[in-house]
Amino acid sequence: QVQLAESGGGLVQAGGYLRLSCVVSESTVNTYNMAWFRQVLGNEREFVAAIRGSGVETKYAETVRDRSTISRDNGANLMILEIYSLKSEDAAVYYCASGSFRQPLSESAHAYDYWGQGTQVTVSS
């Protein structure tokens, strides 16, 4: 079973920079599609960004496309999400997820099989 663990959340100022990390337990991490989602209490889980095993193909939600970067370091079993120019609406619990490389990159949470526990991001004005 693949295990994922997020880190890097906390209190960040509006307009600031956020860097989240996701460590994956599997050494074959480069075969998985991986993604970040976020969720605000009472709302559905929302897609943020996704990346192929090779790191070549990426996908972003419209809300973060111009101010975020998703990347991965397969040698370190690591996936990174960077968001710049943080907005109040970026506040949420952020989850990393992994899914089969046999599927195209997806914005649907149902396409991902394994999830981390989440890390809280709070944005102060």
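How each quantity is defined
- Residues numbered from 1 in each chain as written.
- Predicted model: local features only at pLDDT ≥ 70, side-chain atom pairs only at ≥ 80, totals over all residues.
- Heavy atoms only, no water.
- Salt bridge = Lys/Arg side-chain N within 4 Å of Asp/Glu carboxyl O.
- Buried < 20%, exposed > 50% of the residue type's maximum accessible area, 1.4 Å probe, protein only.
- Helix = DSSP H or I, 4+ residues; strand = E, 2+ residues; numbered from the N terminus.
- Disulfide = S-S within 2.5 Å.

Chemist: Is there a simple way to think about the pattern of salt bridges in this case?
Modeler: If the charged atoms of two oppositely charged side chains come close together, the side chains can form a pair. A complete count under the given rule lists five salt bridges for this structure. With a shortest N-O distance of 2.8 Å, E46 and R38 are connected by a salt bridge. Look at E46 and you get partly exposed, because its relative accessible area is 33%. In this structure, R67 and D90 form a salt bridge, with 2.8 Å as the shortest nitrogen-oxygen distance. Taken together, the residues R67 in the loop between β6 (58-60) and β7 (68-73) and D90 in the loop between β8 (78-83) and β9 (92-99) connect sequence positions 23 residues apart. The pair formed by R67 and D90 is uniform in burial state, with each residue classed as buried. Each of the salt bridges in this network shares a partner with another, and the network as a whole consists of R38, E46, R67 and D90.

Chemist: Is there a simple way to think about the state of the cysteines in this case?
Modeler: Disulfide: a covalent bond connecting the sulfur atoms of a pair of cysteines. One pass over the structure, following the stated rule, counts one disulfide. Across a sulfur-sulfur distance of 2.1 Å, C22 and C96 are joined as a disulfide pair. The chirality of the disulfide connecting C22 with C96 is right-handed, given an S-S dihedral of about 60°. A residue pair is termed long-range when its members are at least 10 positions apart, and C22 in strand β3 (residues 18-24) and C96 in strand β9 qualify at 74 residues. Each of the two residues, C22 as well as C96, counts as buried.

That's the geometry; what it means functionally is another story.
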